[in-house]
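One letter stands for each residue in the lines below.
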Amino acid sequence: MVTPTARQPAAQAGSATPTTWEEWRRFVDRKRPAPPSPEGPRRSAAQRLAYHSRFVVVRTPALDKITASVRTLTLLGRHQDGTARPGLIVTGPPTTGKSTALQEVGRTYELHQRSLSHSPVPGRAPVAYILVPPGASAKSLAAEFARFVGLPVGPRMTQALLTATVCSMYTSLGVSLVLVDEIHRLNPRTTGGAEAADFLKDLSERLPATFVYAGVDVTDTPLFSGVRGAQLAGRASLVDCDPLPARHGPQTPFRSTVAAFENALDLTAHRPGSLRRLAPYLHERTAGRIGSLSRLIREAAITAIVDGTEKITKTSLDAITLDHLAEEHHRPTHRARRRPPGPR
């Protein structure tokens, strides 16, 4: 039975981006951070610092929609012959949780596949997770597919041979879900980008797998332009991973997400409900971006443990400097006031 090789050095435990089969399997197998149990013993400060550093994955409407779409598409394409199976594109602005959602969906899918046989099957790899390299060409993108399963890429390998080898290996391993992240790095208007797009199209037609792509504002990139863009748009449905609105009809998705994060906190002096009451402020701080919100809450929790306050307040949140996108949204007037006056 074919087994992915281990020619690449092993990544450290907890690697954020699992770009090889071994790293992906460790990611899937790794025990998820668990919120504190009221009946369990109190965890040490070191344990709680590690917990808030990794923290929980909170379900969002976009994550639920992506999960349901992938489940439907894999069933839809399971017995399809002749043409590429229908795919999915996850798009949205930066820090809205696209990569996290992609990895979480892949993890859920692999665990489900394992449950059908009650354990991991040696020599089987149902999921492949690929990062599109910057300025991707067909050869460099194919090399990433090869690297994921440890296939050596010789300098004299032709593109045709590399593609055939990758297809053969992925089919032997039983890969049925291919996750392609950072797809916005692909530019079909360049010669190399066009060849890389053709390589992906060729792969999706030759592999018995569902392809899911994720990237920043994909519809605004050259990916959807020209003949190649029309082919992609005609085969893949789109899920927008937009910032969470403060209100959507009668629902309050952002406040619900804040509540989920708050319920997972492990702080000894934090007052339940105090964080969700700050939902309007948190929405203004983060512009509704799940990545910025997660970082803000995790950083505030870690600070609270380190300084001994053991609680999150508006004052402690306001003292944290977030990513530049969030700061540009929240504090543009503050920076304008700090600029020295110009000549009059």
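What counts as what
- Residues numbered from 1 in each chain as written.
- Predicted model: local features only at pLDDT ≥ 70, side-chain atom pairs only at ≥ 80, totals over all residues.
- Heavy atoms only, no water.
- Helix = DSSP H or I, 4+ residues; strand = E, 2+ residues; numbered from the N terminus.
- Expected span 1.5 Å × (residues − 1).
- Buried < 20%, exposed > 50% of the residue type's maximum accessible area, 1.4 Å probe, protein only.
- Contact = heavy atoms within 4.5 Å.
- Salt bridge = Lys/Arg side-chain N within 4 Å of Asp/Glu carboxyl O.
- Phe/Tyr/Trp six-rings, centres within 6.5 Å; stacked < 30°, edge-to-face > 60°.
- pLDDT = per-residue confidence, 0-100.
- Axes fitted to C-alpha atoms, helices over the stretch in contact; angles between N-to-C directions.
- Parallel < 35°, antiparallel > 145°, perpendicular 65-115°, else oblique.
- Nonpolar A, V, L, I, M, F, W, Y, C, P; charged D, E, K, R; others polar.
- Pairing = 2+ DSSP bridges.
- Right-handed = clockwise from strand over helix to strand, strands pointing away.
- Left-handed = near helix turned anticlockwise from the far one by under 90°.
- Polar contact = N/O pair within 3.5 Å; in protein donor to acceptor, adjacent residues only side chain to side chain.

Q: Where do I start with helix 4 (residues 98-117) in this structure?
A: For an α-helix, the turn length of 3.6 residues means that residues three or four places apart are oriented alike. The first and last C-alpha atoms of helix 4 sit 30 Å apart over 20 residues, in line with the 28 Å expected at 1.5 Å per residue. The set of residues buried in helix 4 consists of Lys98, Ala101, Leu102, Gln103, Glu104, Val105, Gly106, Arg107, Tyr109, Glu110 and Arg114. Elements in contact with the buried residues of helix 4: helix 1 (21-29), helix 3 (61-77), strand 1 (87-92), strand 2 (127-131), strand 3 (177-181) and strand 4 (210-216).

Q: Could you clarify how one ought to interpret the pattern of salt bridges in this entry?
A: Applying the stated criterion across every chain, the model contains 14 salt bridges. Between Asp266 and Arg43 there is a salt bridge, and its shortest N-O distance comes to 2.9 Å. Here Arg43 lies in the loop between helix 1 and helix 2 (45-54) and Asp266 lies in the loop between helix 9 (253-263) and helix 10 (279-286), a separation of 223 residues in the sequence. Residue Arg206 is joined to Asp202 by a salt bridge in which the shortest nitrogen-to-oxygen separation is 3.4 Å.

Q: Quick question: what am I supposed to make of the packing of aromatic side chains here?
A: Here the distance between the centres and the angle between the planes together describe a pair of aromatic rings. Taken as a whole and judged by the stated rule, the model has 7 aromatic pairs. Centre to centre, the rings of Tyr51 and Phe55 are 5.5 Å apart; their planes meet at 75°, and the pair counts as edge-to-face. Of the two residues, Tyr51 and Phe55, neither departs from the other in class, the shared state being buried. Grouping aromatic residues by their ring pairs yields a cluster made of Trp24, Phe27 and Tyr129.

Q: Whenever I open this one, unusual backbone geometry confuses me. Can you help?
A: We note that Thr95 has phi near 60°; this positive angle belongs to a residue other than glycine. In this fold, Thr95 is placed in the loop between strand 1 and helix 4. Residue Thr95 is classed as partly exposed on the basis of its relative accessible area, which comes to 30%. The backbone of Glu310 shows a phi angle near 60°, a positive value even though the residue is not glycine. If you trace the backbone, Glu310 turns up in the loop between helix 11 (290-307) and helix 12 (314-318).

Q: Please clarify how the confidence of the model for the protein chain should be interpreted in this entry.
A: When pLDDT is low, close inspection of the predicted coordinates is not appropriate. A residue-level look at the protein chain finds 87% of positions with pLDDT of 70 or above and a mean pLDDT of 86. Looking across the protein chain, the model is least confident in helix 14 (residues 332-338), with a mean pLDDT of 45, and most confident in strand 2, with 97. Predicted confidence for residues 6-15 stays below pLDDT 50, and this span has 13 contacts to residues more than four positions away or in other chains. Note that residues 333-339 has pLDDT below 50 and, in this model, 2 contacts with residues that lie over four places away or in other chains.

Q: What should I look at first to understand the packing of helix 9 against helix 10 in this one?
A: Helices that pack against each other are described as a pair by the angle of their axes relative to one another and the distance between those axes. Interaxial distance between helix 9 and helix 10 falls to 10 Å at its minimum, and their mutual angle equals 100°. Compared by their axis directions, helix 9 and helix 10 come out roughly perpendicular. Where helix 9 approaches helix 10, its residues Phe254, Arg255 and Val258 are matched on the opposing element by Ala279, Leu282, His283 and Thr286. Per-class residue counts for the contact of helix 9 with helix 10 are 4 nonpolar, 2 polar and 1 charged.

Q: What exactly am I supposed to notice about the side chain of Thr257 here?
A: As for its position among the elements, Thr257 is in helix 9. Excluding residues that lie within four positions of it along the chain, Thr257 makes contacts with Val58, Leu244, Ile290 and Leu293.

Q: Would you mind going over the pairing of strand 3 with me for this structure?
A: Side chains on a regular strand alternate between the two faces of the sheet. Burial analysis of strand 3 places 5 of its 5 residues in the buried class, the great majority of the element. What you see with strand 3 is no split at all: Leu177, Leu179 and Asp181 on one side and Val178 and Val180 on the other are buried throughout. As defined by bridge partners, strand 2 adjoins strand 3 across 5 bridges and the pair is classed as parallel. In the sheet register, Ile130 faces strand 3, and the bridge partner there is Val180. With 4 bridges connecting them, strand 3 and strand 4 associate as parallel partners. What sits directly across from Val180, in strand 4, is Tyr213. Following the chain from strand 3 across helix 7 (residues 191-206) to the adjacent parallel strand 4, one finds a crossover that is right-handed.

Q: I'm lost on the packing of helix 10 against helix 11 in this one. Help?
A: The geometry of helix 10 relative to helix 11 is characterised by a closest axis approach of 9 Å and an angle of 115° between their N-to-C directions. Considering how the two elements wind past one another, helix 10 and helix 11 form a crossing that is right-handed. Every residue of helix 11 that contacts helix 10 at Leu282, Arg285 and Thr286 is listed here: Ser292, Leu293 and Leu296. Its residues placed into classes, the contact of helix 10 with helix 11 shows 3 nonpolar, 2 polar and 1 charged.

Q: Explain the side chain of His270 to me, please; I cannot follow it from the model alone.
A: Its location among the elements puts His270 in the loop between helix 9 and helix 10. There is a polar contact of 2.8 Å between the side chain of His270 and the side chain of Glu262. At a separation of 3.3 Å, a polar atom in the side chain of His270 contacts the side chain of Ser274. In this structure, His270 is in contact with Glu262, Leu265, Leu275, Glu310, Lys311 and Ile312, ignoring residues within four places of it in sequence.

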